[in-house]
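A look at the structure
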Amino acid sequence: MKIAIFTDIHGNGLALKATLKDIDARSDIEEIWCLGDMIAMGPDTNEVLDLLFSRPDIRMITGNHDEAVLSLKIGEGHPDSYKHTREHHHWIADQLSDRNADRLKNLPRILEKNINGVHILGIHYHIEEKKRFANIKDEPFYTILDATLENMEKMFKSYPADIICFGHHHPEHFFSNDKQIYLNPGALGVSKGSTAPYAIIDVSTGKTTVTIHHVNYDKREFLEKFKLLDVPQREILFKLFYVGE
């Protein structure tokens, strides 16, 4: 069996469509995991969610931005440490349809699957056991650590899985020791490059293999939407996440 893994779409409909087209062309992908942060930063909120929820082969979890926007939408407040994104999150919450808000409410924070004795687990980022069900206002997601094997072991070594898949931290992570593989394919919709990354986990041959793929899409067209739709805080988003060095 082969599973495609992607994460951190962040409202980038063009990158998502290009990635799904590439995955579908392979014909041997049986399941797709989306590891959170489907919305915010990019403007394609309902376009992204409608597409994801329309696909029965896609399993999804929430990320910190999904939960923070949803919390604003349903009147439960906003995390204090997210003050710098509040204006933008309010704008995204206003775009978010009631139907998609209800769908987000029902998503889990963890995905798991056993295939041929290989236990695969997906989570947006590490959450301490005592915070697994905490509200986003209580800051359940762990502080981002540098992408090193030592840090991955620090966060995930107690997880009961052979492969831990995650996102949140936008660069690619691919580390392993004699017990576990730690995989973050990189942010699908947020980068200073012009490709959308995703991973394929193949456990069909008795030996687990992981490959990371990059899909081209029209990033210029995507960025033009920010100005066309007057997306709040777009200049700082461009500087931090999309353009320049």
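Here, the structure is the one placed above.
The rules behind the values
- Residues numbered from 1 in each chain as written.
- Predicted model: local features only at pLDDT ≥ 70, side-chain atom pairs only at ≥ 80, totals over all residues.
- Heavy atoms only, no water.
- Pairing = 2+ DSSP bridges.
- Helix = DSSP H or I, 4+ residues; strand = E, 2+ residues; numbered from the N terminus.
- Axes fitted to C-alpha atoms, helices over the stretch in contact; angles between N-to-C directions.
- Phe/Tyr/Trp six-rings, centres within 6.5 Å; stacked < 30°, edge-to-face > 60°.
- Buried < 20%, exposed > 50% of the residue type's maximum accessible area, 1.4 Å probe, protein only.
- Lys NZ or Arg CZ within 6 Å of the ring centre and 35° of its normal.

A few points about the sheet that holds strand 5 (residues 118-123)
Pairing is mixed across the open sheet formed by 5 strands, whose spatial order is 4-5-6-8-7. Both outer strands of the open sheet, strand 4 (110-115) and strand 7 (173-176), are each paired with one neighbouring strand and no more. Between one strand axis and the next, the sheet turns through 15 degrees on average, direction left out of account. Here strand 4 pairs with strand 5 via 6 bridges, running antiparallel. Within the sheet, the bridge partner assigned to Glu-112 lies in strand 5 and is Leu-121.

Digging into the packing of aromatic side chains
What the rule picks out here adds up to 9 aromatic pairs. Seen from their ring centres, Phe-156 and Tyr-159 are 5.1 Å apart, and the 85 degrees between their planes marks the pair as edge-to-face. Judged by relative accessible area, Phe-156 falls into the buried class, the value being 0%. What makes Tyr-159 buried here is its relative accessible area of 5%. One aromatic cluster in this structure is built from Tyr-125, Phe-156, Tyr-159, Phe-166 and Tyr-182. Of note, Arg-132 hangs over the ring of Tyr-159, and the distance from its end group to the ring centre comes to 5.0 Å.

These figures come from the coordinates and say nothing about function on their own.
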